[in-house]
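Examining the three-dimensional arrangement
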Amino acid sequence: MVHTPRVLILCTHNSARSQMAEALTRAAAGRVDLPLDVHSAGTEATRVKDEARTVIAELGLGLDAHTSKTLWDVPDAQNFDYVITVCDSADVGCPAYGGQTTRLHYPFPDPSGQGLDRWREVRDALAVQFGAFVEALRAGEPVPAGVQPI
């Protein structure tokens, strides 16, 4: 039986960065036929921001079915191969994971309250980072340690 790696992407509100990263990671894995079970959550739940929906839709991806959720709303919340935080507060507030979980911190700036050009910059940086993450998994190489600042 082949193990499908489980990936959890955490942010504070699960409203923007983690939602975009989830969609981008799924798309990158799909392009290379890599089975991944990808989820996103927040340390608090709010709503998925319209700007995140807009800039992801520009890439032909959708967040229409996505809702903001906490870690405890995710199936089998304590059983992930990779837990990736995309903001500093989620990194600090992330619960401890035992076993074989690999914790990664890929911090990205919060585009909230800024124009769509800033949202696109963050989206594109997320796409590069999570594309590299997926490619490393596909190739059986170590996953990238961090991001280039934007």
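Scroll up for the structure.
Residues numbered from 1 in each chain as written. Predicted model: local features only at pLDDT ≥ 70, side-chain atom pairs only at ≥ 80, totals over all residues. Heavy atoms only, no water.

1. Considering the packing of helix α2 (residues 50-57) against helix α4 (residues 116-139)
With their axes 10 Å apart at the nearest point, α2 and α4 run at an angle of 65° to one another. The chirality of how α2 crosses α4 is right-handed. In this structure, α2 uses Glu51, Ala52, Thr54, Val55 and Ile56 to contact α4, whose residues at the interface are Leu116, Trp119, Arg120 and Arg123. Residue composition of the contact of α2 with α4, by class: five nonpolar, one polar and three charged. (Axes fitted to C-alpha atoms, helices over the stretch in contact; angles between N-to-C directions. Helix = DSSP H or I, 4+ residues; strand = E, 2+ residues; numbered from the N terminus. Left-handed = near helix turned anticlockwise from the far one by under 90°. Contact = heavy atoms within 4.5 Å. Nonpolar A, V, L, I, M, F, W, Y, C, P; charged D, E, K, R; others polar.)

2. Considerations on the packing of aromatic side chains
Summed over the entire model, instances satisfying the criterion amount to three aromatic pairs. Taken together, a centroid distance of 5.2 Å and an interplanar angle of 85° make the contact between tyrosine 82 and phenylalanine 133 edge-to-face. Remark: phenylalanine 133 occurs in helix α4 and tyrosine 82 occurs in strand β3 (residues 82-85); sequence separation between them is 51 residues. Looking at tyrosine 82, the relative accessible area reads 16%, which means it is buried. Among the residues examined, phenylalanine 133 registers a relative accessible area of 0% and is labelled buried. With centroids separated by 6.4 Å and ring planes inclined at 65°, the aromatic side chains of phenylalanine 130 and phenylalanine 133 adopt a geometry described as edge-to-face. Of this pair, phenylalanine 130 and phenylalanine 133 are both found in helix α4, three residues apart, which corresponds to roughly one turn of the helix. Connected via pairs of aromatic rings, a cluster forms that spans Tyr82, Tyr106, Phe130 and Phe133. Positioned above the aromatic ring of phenylalanine 80 is the side chain of arginine 6, whose terminal nitrogen or guanidinium carbon lies 4.1 Å from the ring centre. (Phe/Tyr/Trp six-rings, centres within 6.5 Å; stacked < 30°, edge-to-face > 60°. Buried < 20%, exposed > 50% of the residue type's maximum accessible area, 1.4 Å probe, protein only. Lys NZ or Arg CZ within 6 Å of the ring centre and 35° of its normal.)

3. So, the nonpolar core
Ranked by internal contacts, the top residues of the largest apolar core, which has 35 residues, are Met20, Phe130 and Phe133. Elements supplying a minimum of two residues to this core: β1 (6-11), α1 (17-31), α2, β3 and α4. With residues up to four places along the chain from it excluded, the contact list for phenylalanine 130 reads Ile9, Ala21, Thr25, Ile84, Val86, Tyr106 and Phe108. Listed in part, the eight residues of the second largest apolar core include Leu8, Leu71, Val74 and Val83. (Core = buried A, V, L, I, M, F, W, Y, C linked by side-chain atoms within 4.5 Å.)

4. Quick notes on the sheet that holds β1
Backbone-to-backbone hydrogen bonds pair the strands of a sheet. The strands run either parallel or antiparallel. Strand order across the open sheet formed by four strands is β2-β1-β3-β4, with parallel pairing between neighbours. Of all the strands in the sheet, just β2 (37-42) and β4 (102-105) have a single pairing partner and so form its edges. The mean inter-strand angle of the sheet, taken between neighbouring strand axes irrespective of direction, is 20°. The pairing of β3 with β4 spans four bridges and is parallel. (Pairing = 2+ DSSP bridges.)

5. What to know about the environment of alanine 136
Structurally, alanine 136 is set in helix α4. Residue contacts for alanine 136: discarding those within four places in its chain leaves Glu141, Pro142, Val143 and Pro144.

6. Describing the side chain of serine 18
Checked against the element boundaries, serine 18 lands in helix α1. Given the relative accessible area of 0%, serine 18 is considered buried. Here serine 18 is in contact with Ile9, Leu10, Cys11, Ser40, Ala41 and Val86, once residues within four sequence places are set aside.

7. Here's the deal with the pairing of β1
In terms of residue burial, β1 counts as a mostly covered element, since six of its six residues are buried. Bridge count for β1 against β2 is six bridges, and the pairing is parallel. What sits directly across from valine 7, in β2, is valine 38. For the crossover from β1 across α1 to β2, the handedness is right-handed. Pairing geometry for β1 and β3, over four bridges, is parallel. Bridge pairing in β3 links valine 7 to tyrosine 82. (Right-handed = clockwise from strand over helix to strand, strands pointing away.)

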